[in-house]
There are 4 protein chains.
Amino acid sequence: MLRVGLLGAGRIGQVHAKNIHLDPRSTLAAVSDFLPEAANALAGRYDAAVRSTDEIIADDAIDAVLIASPTDTHADLIEKAVAAGKAVLCEKPIDLSLARALACQAATRDAKRPVMLGFNRRFDPNFAALKAAFGAGEIGKGELLAVTSFDPAPPPPSYVKVSGGLFRDMAIHDFDIACWLFGAVPERVSAMGSSLVDPEIGALGDVDTAVTTLYFADGRIAVIKNSRRAAYGYDQRIELLGSDGLLSVGNVNETTVSRASAAGVTGAKPEHFFLERYARAYVAEWASFVAAAFGEAEVPVSVADGVNALAIAEAATASVKSGAAVEVSV
Amino acid sequence: MLRVGLLGAGRIGQVHAKNIHLDPRSTLAAVSDFLPEAANALAGRYDAAVRSTDEIIADDAIDAVLIASPTDTHADLIEKAVAAGKAVLCEKPIDLSLARALACQAATRDAKRPVMLGFNRRFDPNFAALKAAFGAGEIGKGELLAVTSFDPAPPPPSYVKVSGGLFRDMAIHDFDIACWLFGAVPERVSAMGSSLVDPEIGALGDVDTAVTTLYFADGRIAVIKNSRRAAYGYDQRIELLGSDGLLSVGNVNETTVSRASAAGVTGAKPEHFFLERYARAYVAEWASFVAAAFGEAEVPVSVADGVNALAIAEAATASVKSGAAVEVSV
Amino acid sequence: MLRVGLLGAGRIGQVHAKNIHLDPRSTLAAVSDFLPEAANALAGRYDAAVRSTDEIIADDAIDAVLIASPTDTHADLIEKAVAAGKAVLCEKPIDLSLARALACQAATRDAKRPVMLGFNRRFDPNFAALKAAFGAGEIGKGELLAVTSFDPAPPPPSYVKVSGGLFRDMAIHDFDIACWLFGAVPERVSAMGSSLVDPEIGALGDVDTAVTTLYFADGRIAVIKNSRRAAYGYDQRIELLGSDGLLSVGNVNETTVSRASAAGVTGAKPEHFFLERYARAYVAEWASFVAAAFGEAEVPVSVADGVNALAIAEAATASVKSGAAVEVSV
Amino acid sequence: MLRVGLLGAGRIGQVHAKNIHLDPRSTLAAVSDFLPEAANALAGRYDAAVRSTDEIIADDAIDAVLIASPTDTHADLIEKAVAAGKAVLCEKPIDLSLARALACQAATRDAKRPVMLGFNRRFDPNFAALKAAFGAGEIGKGELLAVTSFDPAPPPPSYVKVSGGLFRDMAIHDFDIACWLFGAVPERVSAMGSSLVDPEIGALGDVDTAVTTLYFADGRIAVIKNSRRAAYGYDQRIELLGSDGLLSVGNVNETTVSRASAAGVTGAKPEHFFLERYARAYVAEWASFVAAAFGEAEVPVSVADGVNALAIAEAATASVKSGAAVEVSV
């Protein structure tokens, strides 16, 4: 049984707490949060202790920590937990600064136990099935990847302000998908972005609508479309063109019900947002971490993967400003 | 907390045990099975006691029993559990004999606690969404209902022999769906059937391929297509034509992945069989029973519903033999 | 060049006139209609002569006649045209009376030139592709056929009165599809019908909603769903379950455009009615007749096919009344 | 009746010849081609005269010319035909050189009769329906346009050599679609391309796989994906995200037939290539030109539209080389 300390009892921490509880091989031992009520409520639900973050990391009876605290604490907590010999699963991103992320990577290079980054989408059953089909050669050699990634509605300006911008906060998932599918880090990045959804986002110097193109050393190309608003709900799709065909992941809808009427044939809306769409992915992600913690499998998403995606985000951010393609340096 | 005794630790009992355990408002207290190893294994997994069926029913600390034992024990166990003041959820059917089911209905008419029959499909999120849309008037008045219900592969002859035949064993679910959607019991039933899938099924006097038409007093019609074999997997769909349009539930596929190649565009297979397709339905069914057991809601599937579906199955079985439409008598 | 006389300049006659004109191997030589204006207008459009029906049949310079006149003239005109040595394409049905159709079949058995019946659906590219795939063994042995056939809106009572009823007028197409796909005539027919769409149809003794089940000698089963009203437009689909899988023809929609909005994902409506849905089928039907008239191919739909479908319609009509399955006698 | 001279009897000339013949308001009067046999064969099929290009342009009895000759003759022939007072429909592009196209635009600015460019896709019923739905405000304000445009197989190197490259030859259609839908010319263009499909294409200095991003002055963004090879056939789709939803045009498949088997659910392949996919578009394009020639409607695709698309193609070609975004200058 893996005894887990959860650092952060917010929205995503609650998702993880439930999955830790439901997984037959892990148990939620302790919870910390800077809001005591949040920690109390969550700990109470699963019979866990409320502790400070430092206490949890120092406790030898805790095998692993799940870091679901604010982004600016991630790198520090990863380093501390690794130093204390814990297995670590940290929500993305490592940090908003590539330099800090690189330092964290260096500091944890010799970690004795697995350190994993929470890129949830890799664990979506649909994306995973596409990856497997591609790996099995079903479309030959990959050539052109297209990722569609639209949120249902923009976050509040208060969040945008500390988010690191659309590329570091949102598109970073899609950059990771591209690296994961192509098994490589792109050489160059070109991005165009604008603020069409919410003028406040533009006023903060960020974009809410963007297209990023990634060029890989061997000529493969990936293109990512992002928008902070899709009136119909979360839209998360992939199309991968290869020499022998096209693999696609369609969006996931709430039901298979459709209604034909004088207005046309109307199917269900997509799952509203990531908590619904990726509910199964979070379960699989946790099971995958548990397996790594028990030494049964490699960590499927490494700190290096987090660094790579962040480096692309940094390049995309620079490209929108300069209008030129930007080299990715990692 | 609802303390539950599970009677039967087979395939479907195991599904229920897990859902009883996961539901925050119920706990698996005891398990019985005529195979001690089966009871032991399941009880061990969820920290439950192994007891005899009679002990469980007699135990005042048990609030509810879930009957997942062989069909020929259902009616007796329902009656005993009701007599002992338990809330009861029983797998379908009540019995293979309509007379016995009617007797059970009479015997349990004054039950103090809820008695519910496990027609799992009503709890499928897709079918439930169709029902809700229909109830909301989205297609006006219902006129013509079509249910497609194909199993992936035929059961072994040993099962067929004791199953009561395709109509009582398999189509009974679809008959319940028709009654549920139309809010009525049909007046007449006409069925045609043959044995095309497995000659052994025919040799046992049963059919493996059938079409049943239900005629309701006000002229509405429902048609059910059944086959014991669909090479592509479980196929469970509904189409309901109304005065203002058509509501459909499409099959549920394993993923949203598709592959376009020189051979065409290939999407995922459907979920393989009922354990996969109705996994979410079983969870919702159990939550619904718990709510009824706590007096928060009506029992959504009554013993009378089980009797009605069985009466239709009996009529369909007779119609295949006589070649004429048969009145439904309940 | 096949010189064609068109008997009947109504809605369907106009469709045929255009296709006769566009086919590089046929020319519209003459048109007759009991309404002189209709004949004049159509003949004028394609530089054809206006003649009486008798003149056309008597004219040795006319190679073929297309009979698109009222149903009660079909059998007489087929016989006269055959006697005059013409190749004949006649709109369905041969007659509303099975006895008359059988007499026509007998009278034309020794026709020297092809006599073809216009079951347009066989020529629909989608249905034809399903037939070809089935013939190629893609789903093994056929077992259970389901045909959905809904009109967008009911015809006026004046039409219903002379139509011969839903089974002879509308479902006859679907009966032909079943015989065509299964390569056999069913042994028994059972039907249920009611009048839910338009009470005037019921008052005329007809039904507007029906389910017909066909039982073939070797146990194969076909089921036909008919409604005179689908608020969303024409609905013409086939599903054929075989030992190795399922072949389906989906409905044909006006466009591939869809719109995702807060209300769901809405695709285009189906083609409105048969003139739109079967536009390509009529072209292919005509080309197929021309090939037969030139002796290059067998007639793809024979008078016997028309007789068979009518016999099924007669049995279905009787079954609705008697409530029993009715033997098909041809 | 519009009397038409066709300049060029190749593959696309043959498509136009048929549509000119079938349109009730136009007639094919004369055909020219540098290969006499080609001109003879086509003229023979439609009872047209074979003439030289100069004779056709000089003939006062010819009302309109359709230019379907090699690209390097387009601009000259447009100018000559306009000078001779003809209505002109010219296949895209005007020329491979933007300077020459601009000169042609200047020379034909005062044309007395319509001059139209053959961007066939605008006349595809699906794309036209998307445009109409967008114009009707169905998704609010447009924000992010994505066009997928893959050919089934690369052209031979001999064609690539004279084609002007992927952007001028193939993507130019998609650039026109973007301008047409957004009603504007983009301000800046960024493109990445590589040669992954056929190394000979790379050796000729061209690309066969490319992503082009267009940035419009008001912040709207369009992205075009191109490949010279899709193993499954022609792939032509549009997705347009707006403030209130998403409009999509799906690919057009050969049939609506699908097959469910142990391997999954396989639908039909897309229409193979542009002659099949855009067959209806060519008919509508011609009808639209005829209406313009008769003064009933504006020319729907102007020479200026051709210039704009070419300017974008030129910018994209430059961007692939420089790695920077390039301003569009028209």
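Our subject is the structure that appears above.
Residues numbered from 1 in each chain as written. Chains lettered and ligands numbered in written order. Predicted model: local features only at pLDDT ≥ 70, side-chain atom pairs only at ≥ 80, totals over all residues. Heavy atoms only, no water.

Caption draft 1: A look at the packing of aromatic side chains. On inspection of all chains with the given rule, the structure shows 24 aromatic pairs over all chains. Taking 6.4 Å as the distance between ring centres and 55 degrees as the angle between the ring planes, the aromatic pair formed by F127(B) and Y278(B) counts as tilted. Placement of the pair is F127(B) in helix α6 (residues 125-135) and Y278(B) in the loop between α10 (274-277) and α11 (279-293), with a sequence separation of 151 residues. Ring geometry for F273(B) against F274(B): centres 4.9 Å apart, planes inclined by 85 degrees, an arrangement best described as edge-to-face. Members of the aromatic cluster, connected to one another through ring pairs, are F127(A), Y234(A), F273(A), F274(A) and Y278(A). Just above the ring of F216(A) sits the side chain of R220(A); from NZ or CZ to the centre is 5.8 Å. (Phe/Tyr/Trp six-rings, centres within 6.5 Å; stacked < 30°, edge-to-face > 60°. Helix = DSSP H or I, 4+ residues; strand = E, 2+ residues; numbered from the N terminus. Lys NZ or Arg CZ within 6 Å of the ring centre and 35° of its normal.)

Caption draft 2: Expanded view of the packing of helix α6 (residues 125-135) of chain C against helix α8 (residues 166-182) of chain C. Residues and elements named next belong to chain C. In contact at an axis separation of 10 Å, α6 and α8 are set at 25 degrees when each is read in the N-to-C sense. Put simply, α6 runs roughly parallel to α8. Contacts between α6 and α8 involve F127, A128, L130, K131 and F134 from the first element and I177, W180 and L181 from the second. Looking at the contact of α6 with α8 residue by residue, the class counts come to seven nonpolar, no polar and one charged. (Axes fitted to C-alpha atoms, helices over the stretch in contact; angles between N-to-C directions. Parallel < 35°, antiparallel > 145°, perpendicular 65-115°, else oblique. Contact = heavy atoms within 4.5 Å. Nonpolar A, V, L, I, M, F, W, Y, C, P; charged D, E, K, R; others polar.)

Caption draft 3: Main features of helix α6 (residues 125-135) of chain D. Within α6(D), the full set of buried residues consists of N126(D), F127(D), L130(D), A133(D) and F134(D). In a view along the axis of α6(D), the buried residues occupy a sector of 125 degrees, so they form one face of it. Elements in contact with the buried residues of α6(D): β13 (257-261) of chain C together with β7 (142-150), α8 (166-182), β11 (235-242), β12 (245-249) and α10 (274-277) of chain D. At the N-terminal boundary of α6(D), the capping side chain belongs to D124(D), with an oxygen 3.1 Å from the backbone nitrogen of N126(D). One or two positions beyond α6(D), positive phi appears at G137(D), with a value near 85 degrees. (Buried < 20%, exposed > 50% of the residue type's maximum accessible area, 1.4 Å probe, protein only. Arc of directions from axis to C-beta. Polar contact = N/O pair within 3.5 Å; in protein donor to acceptor, adjacent residues only side chain to side chain.)

Caption draft 4: Region of interest: the relation of the copies chain B and chain C. Take chain B, turn it by 180 degrees, move it 0.0 Å along the axis, and it overlays chain C with an RMSD of 0.0 Å. These values place the two chain copies in the arrangement generated by a two-fold rotation axis. Scanning chain B for the C-alpha nearest the rotation axis identifies A324(B), at a separation of 2.0 Å. Here 100% of the contact residues of chain B are again contact residues in chain C; the copies associate through an equivalent surface. (Least-squares fit on C-alpha atoms with pLDDT ≥ 70 in both.)

Caption draft 5: Summary view of the nonpolar core. Residue and element names in this part refer to chain C. Among the nonpolar cores identified, the biggest contains 97 residues, and F167 and F175 are the most heavily contacted of them. Per-element tally for this core: the top contributor is α8, with twelve residues. Each of domain 1 (2-113) and domain 2 (122-282 + 308-327) contributes no fewer than three residues to this core. Those residues within four positions of F167 in sequence are excluded, and the remaining contacts are I172, F175, A191, V207, A210, T212, A313, A316, T317 and V320. (Core = buried A, V, L, I, M, F, W, Y, C linked by side-chain atoms within 4.5 Å. Domains from an automatic or database assignment.)

Caption draft 6: Quick peek at the interface of chain B and chain C. Listed by partner, the interface residues are 42 residues for chain B and 42 residues for chain C. Between chain B and chain C, the buried area comes to about 3,100 Å², and carbon and sulfur atoms account for 66% of it. Viewed at the interface, chain C and chain B are joined by six salt bridges. Contributing elements (two or more residues each) for the side of chain B that touches chain C: β7 (142-150), β8 (188-194), β9 (209-215), β10 (221-227), β11 (235-242) and β12 (245-249) of chain B. Residue composition of the side of chain B that touches chain C, by class: 20 nonpolar, eleven polar and eleven charged. (Buried area = accessible area lost by both parts, 1.4 Å probe. Salt bridge = Lys/Arg side-chain N within 4 Å of Asp/Glu carboxyl O.)

Caption draft 7: Quick peek at the packing of helix α1 (residues 11-22) of chain D against helix α11 (residues 279-293) of chain D. Residues and elements named next belong to chain D. Packing of α1 against α11 leaves a shortest axis separation of 10 Å and a crossing angle of 60 degrees. For the element pair α1 / α11, the angle class is oblique. In this structure, α1 meets α11 at a crossing whose hand is right-handed. Contacts between α1 and α11 involve I12, V15, H16, N19 and I20 from the former and Y282, V283, E285 and W286 from the latter. Residues that form the contact of α1 with α11 fall into these classes: six nonpolar, two polar and one charged. (Left-handed = near helix turned anticlockwise from the far one by under 90°.)

Caption draft 8: Focus on helix α4 (residues 71-83) of chain B. Residues and elements named next belong to chain B. The end-to-end C-alpha separation of α4 is 19 Å, in line with the 18 Å expected for 13 residues at 1.5 Å each. The largest bend in α4 comes to about 25 degrees, at L77. For α4, the full list of buried residues reads H74, A75, L77, I78, A81 and V82. Immediately beyond the C-terminal end of α4, within one or two residues, lies G85, with a positive phi of roughly 80 degrees. (Expected span 1.5 Å × (residues − 1). Bend = angle between axes of the 7 residues up to and from the residue.)

Caption draft 9: Expanded view of the interface of chain D and chain A. Of the residues lining the interface, 42 residues belong to chain D; the matching set on chain A comes to 42 residues. Taken together, the two surfaces of chain D and chain A that pack against each other cover about 3,100 Å², and 66% of this comes from carbon and sulfur. Where E239(A) meets R237(D), a salt bridge forms, and the shortest distance between an N and an O atom there is 2.6 Å. The tally of links between chain D and chain A comes to ten residue pairs in polar contact (both at pLDDT 80 or more). For the side of chain D that touches chain A, the secondary-structure elements that each account for two or more residues are β7, β8 (188-194), β9 (209-215), β10 (221-227), β11 and β12 of chain D. Residue composition of the side of chain D that touches chain A, grouped by class: 20 nonpolar, eleven polar and eleven charged.

Caption draft 10: A look at the relation of the copies chain D and chain A. The transform that puts chain D on chain A rotates by 180 degrees and translates by 0.0 Å along the axis, for an RMSD of 0.0 Å. Interface overlap between copies: 100% of the residues of chain D at the interface are likewise at the interface in chain A, consistent with a symmetric, same-surface contact.

Caption draft 11: Structural context of the pattern of salt bridges. Across all of its chains, the model carries 80 salt bridges over all chains by this definition. The residue R100(B) makes a salt bridge to E79(B) at a minimum N-O spacing of 2.8 Å. Of this pair, R100(B) sits in helix α5 (residues 98-107) while E79(B) is found in helix α4, placing the two residues 21 residues apart along the sequence. Across the salt bridge formed by R122(D) and D176(D), the nearest N and O atoms sit 2.7 Å from each other.

None of the figures reported here should be taken as evidence of function without further support.
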